[in-house]
Amino acid sequence: MRAGGGKAISIIGFIGSVFSPWYAWSGRKRPENHVCINVATYGPGGRFAMTDRGASALRQNRDRLTVGGSSMRWTGDALVIDVDEVSSWPLVSRLRGRITVTPDAVTSAELPLTPDGAHVWRPFAPSSRIEVALERPGWQWEGHGYFDANFGTRALEQDFDTWSWGRFATEDGATCFYDVARRDGSRLECAIELGGDGSARPAKLPPKVRLPRTLWGIARETRCAEGFAPRQVQAMLDVPFYCRSVVETRIGVATATGVHETLDLRRFRSPLLKPMLALRVPRRPGWRFDEPDAALNSPAG
(Lines give C-alpha, C1' and ligand atoms only; values in the text may rest on other atoms or scores of the structure.)
Protein backbone atom coordinates (compact mmCIF):
# COMPACT_ATOMS: atom_id res chain seq x y z
CA MET A 1 0.00 0.00 0.00
CA ARG A 2 1.50 3.34 -0.95
CA ALA A 3 0.98 7.05 -1.33
CA GLY A 4 2.82 9.83 -3.08
CA GLY A 5 6.00 11.24 -1.59
CA GLY A 6 7.72 7.87 -1.38
CA LYS A 7 5.76 6.58 1.62
CA ALA A 8 4.38 3.05 1.78
CA ILE A 9 3.18 0.60 4.42
CA SER A 10 2.57 -3.14 4.65
CA ILE A 11 0.78 -5.07 7.39
CA ILE A 12 0.67 -8.87 7.53
CA GLY A 13 -1.18 -11.00 10.07
CA PHE A 14 0.30 -14.44 10.76
CA ILE A 15 -1.06 -17.49 12.56
CA GLY A 16 2.03 -19.62 12.23
CA SER A 17 4.64 -16.96 11.47
CA VAL A 18 6.18 -18.60 8.41
CA PHE A 19 9.38 -16.52 8.38
CA SER A 20 9.98 -16.63 12.13
CA PRO A 21 13.09 -18.57 13.17
CA TRP A 22 11.36 -19.34 16.47
CA TYR A 23 8.52 -21.08 14.63
CA ALA A 24 11.03 -23.08 12.57
CA TRP A 25 13.03 -24.07 15.67
CA SER A 26 9.81 -25.20 17.38
CA GLY A 27 9.16 -27.76 14.63
CA ARG A 28 6.03 -25.86 13.52
CA LYS A 29 3.79 -28.03 15.69
CA ARG A 30 1.64 -25.23 17.15
CA PRO A 31 0.99 -22.36 14.71
CA GLU A 32 -1.24 -20.61 17.26
CA ASN A 33 1.83 -20.32 19.53
CA HIS A 34 3.73 -18.30 16.92
CA VAL A 35 1.53 -15.40 15.89
CA CYS A 36 2.38 -11.94 14.68
CA ILE A 37 1.10 -8.75 13.13
CA ASN A 38 4.03 -7.53 11.06
CA VAL A 39 4.10 -3.78 10.36
CA ALA A 40 6.61 -2.17 8.01
CA THR A 41 6.73 1.46 6.93
CA TYR A 42 8.80 2.60 3.96
CA GLY A 43 10.16 6.01 3.15
CA PRO A 44 11.68 8.65 5.43
CA GLY A 45 11.76 7.32 8.98
CA GLY A 46 10.65 3.82 7.95
CA ARG A 47 10.39 1.15 10.65
CA PHE A 48 9.98 -2.66 10.81
CA ALA A 49 8.15 -4.57 13.55
CA MET A 50 7.74 -8.36 13.54
CA THR A 51 7.37 -9.80 17.03
CA ASP A 52 6.75 -13.54 17.38
CA ARG A 53 4.12 -13.91 20.14
CA GLY A 54 2.71 -16.90 22.01
CA ALA A 55 -0.79 -18.37 22.14
CA SER A 56 -1.81 -16.14 25.07
CA ALA A 57 -1.61 -13.13 22.71
CA LEU A 58 -4.06 -14.59 20.17
CA ARG A 59 -7.78 -13.91 19.97
CA GLN A 60 -9.86 -14.49 16.86
CA ASN A 61 -13.35 -14.91 15.50
CA ARG A 62 -14.92 -14.72 12.05
CA ASP A 63 -14.41 -10.97 11.66
CA ARG A 64 -11.43 -10.17 13.86
CA LEU A 65 -7.82 -11.17 14.48
CA THR A 66 -6.11 -9.81 17.60
CA VAL A 67 -2.43 -10.42 18.34
CA GLY A 68 -1.20 -8.69 21.45
CA GLY A 69 -1.86 -4.96 21.18
CA SER A 70 -2.66 -5.02 17.46
CA SER A 71 -5.76 -6.18 15.61
CA MET A 72 -7.48 -6.50 12.24
CA ARG A 73 -11.28 -6.39 11.99
CA TRP A 74 -13.68 -6.57 9.09
CA THR A 75 -16.57 -4.11 9.43
CA GLY A 76 -18.58 -5.34 6.44
CA ASP A 77 -17.16 -2.82 3.99
CA ALA A 78 -13.64 -2.11 5.25
CA LEU A 79 -10.67 -3.73 6.99
CA VAL A 80 -9.69 -1.67 10.04
CA ILE A 81 -6.19 -2.35 11.36
CA ASP A 82 -5.10 -0.98 14.73
CA VAL A 83 -1.40 -1.39 15.43
CA ASP A 84 0.58 -1.01 18.63
CA GLU A 85 4.00 -2.53 18.10
CA VAL A 86 7.66 -1.83 18.82
CA SER A 87 9.98 -1.80 15.83
CA SER A 88 13.06 -3.98 15.83
CA TRP A 89 16.78 -3.25 15.89
CA PRO A 90 18.43 -0.97 14.84
CA LEU A 91 15.62 1.66 14.85
CA VAL A 92 13.69 0.73 17.99
CA SER A 93 10.57 2.84 18.54
CA ARG A 94 6.81 2.62 19.06
CA LEU A 95 4.60 2.03 15.99
CA ARG A 96 1.03 2.95 16.88
CA GLY A 97 -2.01 4.02 14.86
CA ARG A 98 -4.80 2.96 12.52
CA ILE A 99 -4.90 1.88 8.88
CA THR A 100 -8.25 1.53 7.09
CA VAL A 101 -8.48 -0.47 3.86
CA THR A 102 -11.71 0.07 1.87
CA PRO A 103 -12.02 -2.31 -1.11
CA ASP A 104 -13.44 -1.22 -4.45
CA ALA A 105 -14.86 -4.76 -4.54
CA VAL A 106 -14.23 -8.13 -2.91
CA THR A 107 -13.41 -11.11 -5.12
CA SER A 108 -14.17 -14.79 -4.60
CA ALA A 109 -11.14 -15.87 -6.66
CA GLU A 110 -8.49 -18.22 -5.35
CA LEU A 111 -5.39 -19.77 -6.84
CA PRO A 112 -3.99 -23.12 -5.61
CA LEU A 113 -0.19 -22.92 -5.70
CA THR A 114 0.28 -26.69 -5.49
CA PRO A 115 -1.76 -29.43 -7.22
CA ASP A 116 -3.02 -30.80 -3.88
CA GLY A 117 -4.16 -27.38 -2.63
CA ALA A 118 -1.75 -27.33 0.33
CA HIS A 119 -0.98 -23.69 -0.51
CA VAL A 120 -3.65 -21.26 -1.74
CA TRP A 121 -3.57 -17.55 -2.61
CA ARG A 122 -6.70 -15.43 -2.16
CA PRO A 123 -6.76 -11.91 -3.70
CA PHE A 124 -9.64 -10.66 -1.53
CA ALA A 125 -9.48 -6.98 -2.52
CA PRO A 126 -6.88 -6.33 -5.21
CA SER A 127 -7.85 -2.67 -5.57
CA SER A 128 -8.58 -0.60 -2.46
CA ARG A 129 -8.39 2.85 -0.95
CA ILE A 130 -6.33 3.21 2.22
CA GLU A 131 -6.15 5.75 5.00
CA VAL A 132 -3.06 5.74 7.19
CA ALA A 133 -3.04 7.52 10.56
CA LEU A 134 0.06 6.64 12.55
CA GLU A 135 1.13 8.54 15.64
CA ARG A 136 4.20 9.93 13.93
CA PRO A 137 4.76 13.26 12.15
CA GLY A 138 4.09 13.00 8.42
CA TRP A 139 2.49 9.55 8.60
CA GLN A 140 -1.10 10.58 7.98
CA TRP A 141 -1.96 10.02 4.34
CA GLU A 142 -4.33 8.38 1.85
CA GLY A 143 -3.39 6.21 -1.09
CA HIS A 144 -3.97 3.06 -3.12
CA GLY A 145 -3.59 -0.45 -1.73
CA TYR A 146 -4.74 -4.06 -1.72
CA PHE A 147 -5.70 -6.89 0.63
CA ASP A 148 -4.84 -10.53 -0.05
CA ALA A 149 -3.97 -13.69 1.87
CA ASN A 150 -2.00 -16.93 1.63
CA PHE A 151 -3.09 -20.14 3.34
CA GLY A 152 -0.96 -23.24 3.77
CA THR A 153 -0.79 -26.57 5.56
CA ARG A 154 2.93 -27.20 4.93
CA ALA A 155 6.04 -25.09 5.29
CA LEU A 156 6.77 -22.92 2.26
CA GLU A 157 10.33 -24.22 1.96
CA GLN A 158 9.02 -27.80 1.94
CA ASP A 159 7.22 -27.27 -1.38
CA PHE A 160 8.89 -24.32 -3.16
CA ASP A 161 12.33 -23.23 -4.31
CA THR A 162 11.49 -19.73 -5.57
CA TRP A 163 8.58 -17.54 -6.40
CA SER A 164 8.03 -14.20 -8.03
CA TRP A 165 4.78 -12.29 -7.57
CA GLY A 166 3.54 -8.92 -8.73
CA ARG A 167 0.31 -6.95 -8.35
CA PHE A 168 -0.02 -4.00 -10.69
CA ALA A 169 -2.80 -1.41 -10.61
CA THR A 170 -4.70 -1.01 -13.87
CA GLU A 171 -7.43 1.35 -15.06
CA ASP A 172 -10.11 -1.18 -14.04
CA GLY A 173 -8.61 -2.98 -11.06
CA ALA A 174 -5.33 -4.90 -11.04
CA THR A 175 -3.32 -7.55 -12.85
CA CYS A 176 -1.36 -10.13 -10.84
CA PHE A 177 1.46 -12.39 -11.98
CA TYR A 178 2.56 -15.55 -10.16
CA ASP A 179 5.68 -17.49 -11.17
CA VAL A 180 6.48 -20.39 -8.86
CA ALA A 181 9.24 -23.01 -9.02
CA ARG A 182 8.28 -26.04 -6.93
CA ARG A 183 10.80 -28.41 -5.35
CA ASP A 184 9.56 -31.33 -7.45
CA GLY A 185 10.67 -29.50 -10.62
CA SER A 186 7.20 -28.40 -11.74
CA ARG A 187 6.23 -24.77 -12.24
CA LEU A 188 3.22 -22.51 -11.94
CA GLU A 189 3.06 -19.53 -14.29
CA CYS A 190 -0.11 -17.50 -14.44
CA ALA A 191 -1.62 -14.05 -14.90
CA ILE A 192 -4.98 -12.95 -13.49
CA GLU A 193 -6.98 -9.84 -14.34
CA LEU A 194 -8.99 -8.65 -11.35
CA GLY A 195 -11.69 -6.12 -12.14
CA GLY A 196 -12.88 -3.28 -9.98
CA ASP A 197 -16.28 -5.01 -9.87
CA GLY A 198 -14.85 -8.12 -8.18
CA SER A 199 -14.51 -10.17 -11.37
CA ALA A 200 -11.50 -12.40 -12.03
CA ARG A 201 -10.30 -14.02 -15.24
CA PRO A 202 -7.11 -15.56 -16.62
CA ALA A 203 -4.93 -13.21 -18.64
CA LYS A 204 -2.26 -13.62 -21.27
CA LEU A 205 1.23 -13.91 -19.79
CA PRO A 206 3.71 -11.31 -21.05
CA PRO A 207 7.33 -12.44 -21.42
CA LYS A 208 9.64 -12.71 -18.42
CA VAL A 209 12.15 -9.88 -18.14
CA ARG A 210 15.03 -9.70 -15.69
CA LEU A 211 15.28 -7.05 -13.01
CA PRO A 212 18.58 -6.13 -11.34
CA ARG A 213 19.67 -8.46 -8.56
CA THR A 214 18.91 -7.42 -5.00
CA LEU A 215 21.51 -6.07 -2.58
CA TRP A 216 21.88 -9.65 -1.32
CA GLY A 217 22.33 -11.01 -4.86
CA ILE A 218 18.90 -12.61 -5.36
CA ALA A 219 17.99 -12.99 -9.04
CA ARG A 220 14.71 -11.23 -9.96
CA GLU A 221 12.37 -11.12 -12.90
CA THR A 222 8.92 -9.80 -13.71
CA ARG A 223 6.42 -9.95 -16.54
CA CYS A 224 6.53 -7.15 -19.09
CA ALA A 225 5.32 -6.40 -22.62
CA GLU A 226 7.95 -6.64 -25.35
CA GLY A 227 9.91 -3.50 -26.07
CA PHE A 228 9.72 -2.06 -22.55
CA ALA A 229 12.32 -2.25 -19.79
CA PRO A 230 10.77 -2.72 -16.32
CA ARG A 231 12.43 -0.87 -13.47
CA GLN A 232 12.37 -0.63 -9.72
CA VAL A 233 10.99 2.73 -8.62
CA GLN A 234 11.10 2.22 -4.84
CA ALA A 235 13.04 -0.14 -2.60
CA MET A 236 11.01 -1.54 0.29
CA LEU A 237 12.38 -4.65 2.01
CA ASP A 238 15.64 -6.36 1.04
CA VAL A 239 16.85 -9.32 3.13
CA PRO A 240 19.01 -12.37 2.26
CA PHE A 241 16.07 -14.51 1.04
CA TYR A 242 13.35 -11.99 0.13
CA CYS A 243 12.84 -8.70 -1.66
CA ARG A 244 9.79 -6.42 -1.80
CA SER A 245 9.83 -3.35 -4.02
CA VAL A 246 7.71 -1.09 -6.19
CA VAL A 247 8.22 -1.88 -9.86
CA GLU A 248 7.09 -0.21 -13.06
CA THR A 249 6.26 -2.50 -15.98
CA ARG A 250 4.05 -2.52 -19.07
CA ILE A 251 0.88 -4.58 -19.47
CA GLY A 252 -0.38 -4.48 -23.04
CA VAL A 253 0.08 -0.87 -24.14
CA ALA A 254 -0.25 0.67 -20.67
CA THR A 255 2.46 1.34 -18.12
CA ALA A 256 1.59 -0.05 -14.68
CA THR A 257 3.17 0.30 -11.26
CA GLY A 258 2.78 -2.11 -8.37
CA VAL A 259 4.30 -4.17 -5.58
CA HIS A 260 6.71 -6.91 -6.63
CA GLU A 261 8.06 -9.73 -4.46
CA THR A 262 10.83 -12.27 -4.95
CA LEU A 263 11.29 -15.14 -2.49
CA ASP A 264 14.23 -17.57 -2.53
CA LEU A 265 13.34 -20.47 -0.23
CA ARG A 266 16.55 -22.31 -1.03
CA ARG A 267 18.29 -19.63 0.99
CA PHE A 268 15.61 -19.64 3.68
CA ARG A 269 16.26 -23.35 4.31
CA SER A 270 19.79 -22.59 5.46
CA PRO A 271 20.19 -23.06 9.25
CA LEU A 272 22.77 -20.25 9.19
CA LEU A 273 20.06 -17.73 8.30
CA LYS A 274 17.84 -18.33 11.33
CA PRO A 275 20.08 -16.64 13.97
CA MET A 276 20.32 -13.58 11.72
CA LEU A 277 16.53 -13.41 11.50
CA ALA A 278 16.20 -13.67 15.27
CA LEU A 279 17.83 -10.23 15.55
CA ARG A 280 14.93 -8.67 13.62
CA VAL A 281 12.17 -11.03 14.82
CA PRO A 282 12.18 -11.10 18.64
CA ARG A 283 10.22 -13.73 20.59
CA ARG A 284 7.75 -12.51 23.23
CA PRO A 285 5.80 -15.61 24.38
CA GLY A 286 3.89 -14.03 27.26
CA TRP A 287 0.92 -11.69 26.98
CA ARG A 288 -1.95 -10.70 29.26
CA PHE A 289 -5.02 -8.84 28.00
CA ASP A 290 -6.41 -6.17 30.30
CA GLU A 291 -9.90 -7.73 30.22
CA PRO A 292 -11.21 -11.13 29.16
CA ASP A 293 -13.28 -11.09 26.00
CA ALA A 294 -15.43 -14.18 25.65
CA ALA A 295 -16.80 -13.04 22.30
CA LEU A 296 -13.37 -13.03 20.69
CA ASN A 297 -12.60 -16.53 21.89
CA SER A 298 -15.94 -18.02 20.93
CA PRO A 299 -16.32 -20.05 17.71
CA ALA A 300 -17.80 -18.14 14.79
CA GLY A 301 -21.47 -18.93 14.43
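All values reported here derive from a predicted model rather than from experimental measurement.

A. Spotlight on a nonpolar patch on the surface. Together, V86, W89, V92 and L279 line one region of the surface with nonpolar side chains, adding up to about 440 Å² of accessible area. Tracing the backbone through its elements, the reader meets W89 in the loop between β8 (79-86) and β9 (94-103). Taking the relative accessible area as the measure of exposure, W89 reaches 56% and is therefore exposed.

B. The arrangement of the sheet that holds strand β15 (residues 187-195) in detail. Strand order in the open sheet formed by seven strands is β16-β15-β14-β13-β21-β20-β19, and the pairing between neighbours is antiparallel. The outermost strands of the open sheet, each flanked by one partner alone, are β16 (200-202) and β19 (231-239). Strand after strand, the sheet turns through a mean of 20 degrees between neighbouring axes, direction not considered. Pairing geometry for strand β14 (residues 173-182) and β15, over nine bridges, is antiparallel. Its bridge partner lying in β15, F177 is registered against A191.

C. Seen up close, the pairing of strand β11 (residues 119-134). Of all 16 residues in β11, 13 are buried, a share of seventy percent or more. Inspection of the sheet shows β9 paired to β11 by seven bridges, in the antiparallel sense. Looking across to β11, one finds that P103 is bridged to S128. Where strand β10 (residues 111-112) folds back onto β11 in an antiparallel hairpin, the turn is made up of six residues, including G117, whose phi is positive at roughly 75 degrees. Relative to strand β12 (residues 140-152), β11 runs antiparallel, the two sharing eleven bridges. Within the sheet, the bridge partner assigned to V132 lies in β12 and is W141. The antiparallel pairing of β11 with β12 creates a hairpin that spans five residues between the two strands, and G138 there sits at a positive phi of about 85 degrees.

D. Molecular detail of the layout of surface pockets. Approximately 340 Å³ is the volume attributed to the second largest pocket. T162, A219, R220, E221 and T262 are, among the 18 residues lining the second largest pocket, the residues nearest its centre. When residues of the lining of the second largest pocket are traced back to their parent elements, those giving at least two are β13 (160-170), β14, β17 (208-211), β18 (220-223) and β21 (254-264). Classifying every residue of the lining of the second largest pocket by side-chain character gives seven nonpolar, three polar and eight charged.

E. Examining empty space enclosed by the protein more closely. All told, the structure shown has two cavities of 30 Å³ or more when counted by the stated rule. Roughly 40 Å³ of internal volume is contained in the largest cavity. Lining the largest cavity are W121, P123, A125, P126, Y146, F147, D148, W165, R167 and C176. Per-element tally for the lining of the largest cavity: the top contributor is β11, with four residues. Looking at the lining of the largest cavity residue by residue, the classes come out as eight nonpolar, no polar and two charged.

F. Structural detail: the side chain of R223. Its location among the elements puts R223 in strand β18. On the basis of relative accessibility, which here comes to 6%, the residue R223 falls in the buried class. A polar contact of 2.5 Å, which involves the side chain of R223, links it to the side chain of D179. Excluding its chain neighbours within four sequence positions, the residues that come into contact with R223 are F177, D179, E189, L205, P206, P207, K208 and T249.

G. Quick look at the pattern of salt bridges. Within the structure shown, the criterion is met by 22 salt bridges. Here R283 makes a salt bridge to D52, at a shortest N to O gap of 2.5 Å. One end of the pair, R283, is in strand β22 (residues 283-284); the other, D52, is in strand β4 (residues 52-53), and 231 residues separate them in sequence. A relative accessible area of 0% places D52 in the buried class. Ionic contacts of the salt-bridge type, sharing partners, join the residues D179, R187, E189, K208, E221 and R223 into one network.

H. Representation of the packing of aromatic side chains within the structure. For the structure on display, the rule yields 14 aromatic pairs. Their ring planes at 35 degrees and their centres at 6.4 Å tell us that F19 and Y242 sit as a pair that is tilted. Of this pair, F19 sits in the loop between β1 (8-15) and α1 (21-25) while Y242 is found in strand β20 (residues 242-251), placing the two residues 223 residues apart along the sequence. Summarising the burial analysis for this pair, F19 and Y242 share the class buried. Aromatic pair W163 and Y178: ring centres 5.6 Å apart, planes at 85 degrees, arrangement edge-to-face. Placement of W163 in strand β13 and of Y178 in strand β14 is noted, with a sequence separation of 15 residues between them. Linked through ring pairs, W121, Y146, F160, W163, W165 and Y178 together constitute an aromatic cluster. Over the aromatic face of W139 sits the side chain of K7, whose NZ or CZ is 5.8 Å from the ring centroid. Positioned above the aromatic ring of Y23 is the side chain of R28, whose terminal nitrogen or guanidinium carbon lies 5.6 Å from the ring centre.

Parameters at a glance
Residues numbered from 1 in each chain as written. Predicted model: local features only at pLDDT ≥ 70, side-chain atom pairs only at ≥ 80, totals over all residues. Heavy atoms only, no water. Patch = residues over 30% accessible without salt bridge, like charges linked within 9 Å, V, L, I, M, F, W, Y side chains within 5 Å. Areas by Shrake-Rupley, 256 points an atom, 1.4 Å probe, with all protein chains shown as cover. Salt bridge = Lys/Arg side-chain N within 4 Å of Asp/Glu carboxyl O. Helix = DSSP H or I, 4+ residues; strand = E, 2+ residues; numbered from the N terminus. Buried < 20%, exposed > 50% of the residue type's maximum accessible area, 1.4 Å probe, protein only. Pairing = 2+ DSSP bridges. Axes fitted to C-alpha atoms, helices over the stretch in contact; angles between N-to-C directions. 1 Å grid on protein atoms, 1.4 Å probe; cavity = no way out; pocket = protein on both sides within 12 Å on 5 of 7 lines; lining within 4 Å. Points joined across faces, edges and corners; volume = space filled by probe spheres on them. Nonpolar A, V, L, I, M, F, W, Y, C, P; charged D, E, K, R; others polar. Polar contact = N/O pair within 3.5 Å; in protein donor to acceptor, adjacent residues only side chain to side chain. Contact = heavy atoms within 4.5 Å. Phe/Tyr/Trp six-rings, centres within 6.5 Å; stacked < 30°, edge-to-face > 60°. Lys NZ or Arg CZ within 6 Å of the ring centre and 35° of its normal.

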